[in-house]
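Inside the fold
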Amino acid sequence: MLTVNAYAATSATGPLTPTTIERRDLGPHDVLIDITFSGICHSDIHTARSEWGATNYPIVVGHEIAGVVREVGAEVTKFAAGDRVGVGCMVDSCRECDNCRKGLEQYCLNGNVGTYGAVDRDGRPTQGGYAQAIVVTEDFVLRIPDGLALDVAAPLLCAGITTYSPLRHWGVGPGSRVAVIGLGGLGHMAVKLAHAMGAEVTVLSQSLKKQEDGLRLGADHYYATGDEETFAKLADSFDVILNTVSAKIDLDAYLGLLAVDGTLVNVGAPEEPLSVRAFSLIPARRSFAGSMIGGIAETQEMLDFCAEHGLGAEIEVIRAEQINEAYERVLASDVRYRFVIDASTF
């Protein structure tokens, strides 16, 4: 097995620390990837701190992975050494259930294999992208187009596809009126993508402090939700609202901003339950929905779309020893808009 340097969480309360991990031997359909950049997602923090259920420590998180193929297995047909590639939130699925056969591996009925915190086909826990290298079956490796730099492409493997998938599913395009709640790691990509799809885009943020950024990224309008007049002014305005924040919000207030047949889609994942009054939905045939990432084919579609439209994440590149500081800054909303770790520093 290949031994690589990594950073791991060893408890829910302690800092991430340097370590080494083993990657499985290269199988016939496997791809060995030298990681160049790994994005920091809020999901990494939730998992490292056991906020979404018990975590099996030690754990190496990270599922926004960009790199270069070092070696491929004997029967690999899709990739070759030197290819620019990415790995997102999944590294396998059953491939046999109805959802997998439809290209919806993220909703695998037998449970997809997460990039970290899951059990891999060899029976060992999966370990993620805060490391020098990773081995992944070729069917779950994505090709990063030449038009995308690897550092700005890394966050697309989670933040990009998490927002792209619902925008596509709910038919966003020219003439669509889209609101994005929160201008953070997910929200800034939602704005970029919805704008590129031709929608009229509104940002709904607690204050106006990021207004200049929001308009630069492609928003047509920007409103502060801390202003009570916002909800009256924008009532019945939107076809799709994408909620990107991982905190409890007043869903009933936001549902009132939907037009008839409008949908509020939750992609943020707060720890606390969210409640909805029936009469926030019934009078205008509104829907409250959820969405996670996309399947492998849709993720590749997203990467190609981003390359075509010149879209990448807004990033701040850090060294490995800055990870713990970056976590605290994420929690304080002190990043614009995604931290990306330079994997050469592991």
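Structure report, in brief. None of the values given here were measured: they were computed from a predicted structure.

**What about the sheet that holds strand S13 (residues 238–243)?**
Strand order across the open sheet formed by six strands is S12-S11-S10-S13-S14-S15, with parallel pairing between neighbours. Two strands close off the open sheet at either side, each with one partner strand: strand S12 (221–224) and strand S15 (287–290). Strand after strand, the sheet turns through a mean of 20° between neighbouring axes, direction not considered. Both strand S14 (residues 258–266) and S15 contribute to a ladder of four bridges, which runs parallel. Each residue of the ladder has a partner; that of Val-265, found in S15, is Ala-289.

**Describing the packing of aromatic side chains**
Overall, the coordinates contain three aromatic pairs when judged by the stated rule. Consider the rings of Tyr-7 and Phe-346, whose centres lie 6.1 Å apart with planes at 50°: the pair is tilted. Of this pair, Tyr-7 sits in strand S1 (residues 2–8) while Phe-346 sits in the segment after strand S17 (338–342), and the two are 339 residues apart along the sequence. A residue is classified by how much of its surface remains accessible, and Tyr-7, at 10% relative accessible area, is buried.

**Quick look at the side chain of Ser-176**
Within the secondary structure, Ser-176 is located in the loop between helix H4 (159–169) and strand S10 (177–181). Contact partners of Ser-176, with chain neighbours within four places excluded, come to Gly-171, Ala-199, Glu-200 and Asp-239.

**Some words on the pairing of strand S8 (residues 133–137)**
With five of five residues buried, S8 is to be regarded as a mostly interior element. The alternating pattern of S8 places Ala-133, Val-135 and Thr-137 on one face and Ile-134 and Val-136 on the opposite face, and all of these are buried. When strand S3 (residues 30–39) meets S8, the two strands line up antiparallel, connected through five bridges. Looking across to S8, one finds that Asp-30 is bridged to Thr-137.

**Some details on the packing of H4 against helix H5 (residues 185–196)**
Where H4 contacts H5, the two axes come as close as 8 Å, and the packing angle between them is 50°. By the angle between their directions, the pair H4 and H5 is classed as oblique. The chirality of how H4 crosses H5 is right-handed. Facing H4, whose interface residues are Ala-159, Gly-160, Thr-162, Thr-163, Tyr-164 and Leu-167, H5 presents Gly-185, Leu-186, Met-189, Ala-190, Leu-193 and Ala-194. Here the contact of H4 with H5 is composed, by residue class, of eight nonpolar, four polar and no charged.

**Some points on H5**
Helix length check: H5 (twelve residues) gives 17 Å between terminal C-alpha atoms against 16 Å at 1.5 Å per residue, within 8%. Most of H5 is tucked away: ten of the twelve residues are buried. Within the span of H5, buried status applies to Gly-185, Leu-186, Gly-187, His-188, Met-189, Ala-190, Val-191, Lys-192, Leu-193 and Ala-194. Of the residues flanking the end of H5, it is Gly-198, one or two places downstream, whose phi is positive at about 100°.

**Details of the environment of Arg-319**
Inspection of the secondary structure assignment puts Arg-319 in the loop between strand S16 (315–318) and helix H10 (323–331). Arg-319 sits in the partly exposed class, given a relative accessible area of 42%. Considered as a pair, Arg-319 and Thr-13 are 306 residues apart in the sequence and their alpha carbons are 21 Å apart. Sequence-distant contacts of Arg-319, defined by excluding residues within four places in its chain, comprise Ile-341 and Thr-345. In this structure the side chain of Arg-319 is engaged in a polar contact, spanning 2.6 Å, whose partner is the side chain of Glu-321.

What counts and how
Residues numbered from 1 in each chain as written. Predicted model: local features only at pLDDT ≥ 70, side-chain atom pairs only at ≥ 80, totals over all residues. Heavy atoms only, no water. Pairing = 2+ DSSP bridges. Helix = DSSP H or I, 4+ residues; strand = E, 2+ residues; numbered from the N terminus. Axes fitted to C-alpha atoms, helices over the stretch in contact; angles between N-to-C directions. Phe/Tyr/Trp six-rings, centres within 6.5 Å; stacked < 30°, edge-to-face > 60°. Buried < 20%, exposed > 50% of the residue type's maximum accessible area, 1.4 Å probe, protein only. Contact = heavy atoms within 4.5 Å. Parallel < 35°, antiparallel > 145°, perpendicular 65-115°, else oblique. Left-handed = near helix turned anticlockwise from the far one by under 90°. Nonpolar A, V, L, I, M, F, W, Y, C, P; charged D, E, K, R; others polar. Expected span 1.5 Å × (residues − 1). Polar contact = N/O pair within 3.5 Å; in protein donor to acceptor, adjacent residues only side chain to side chain.

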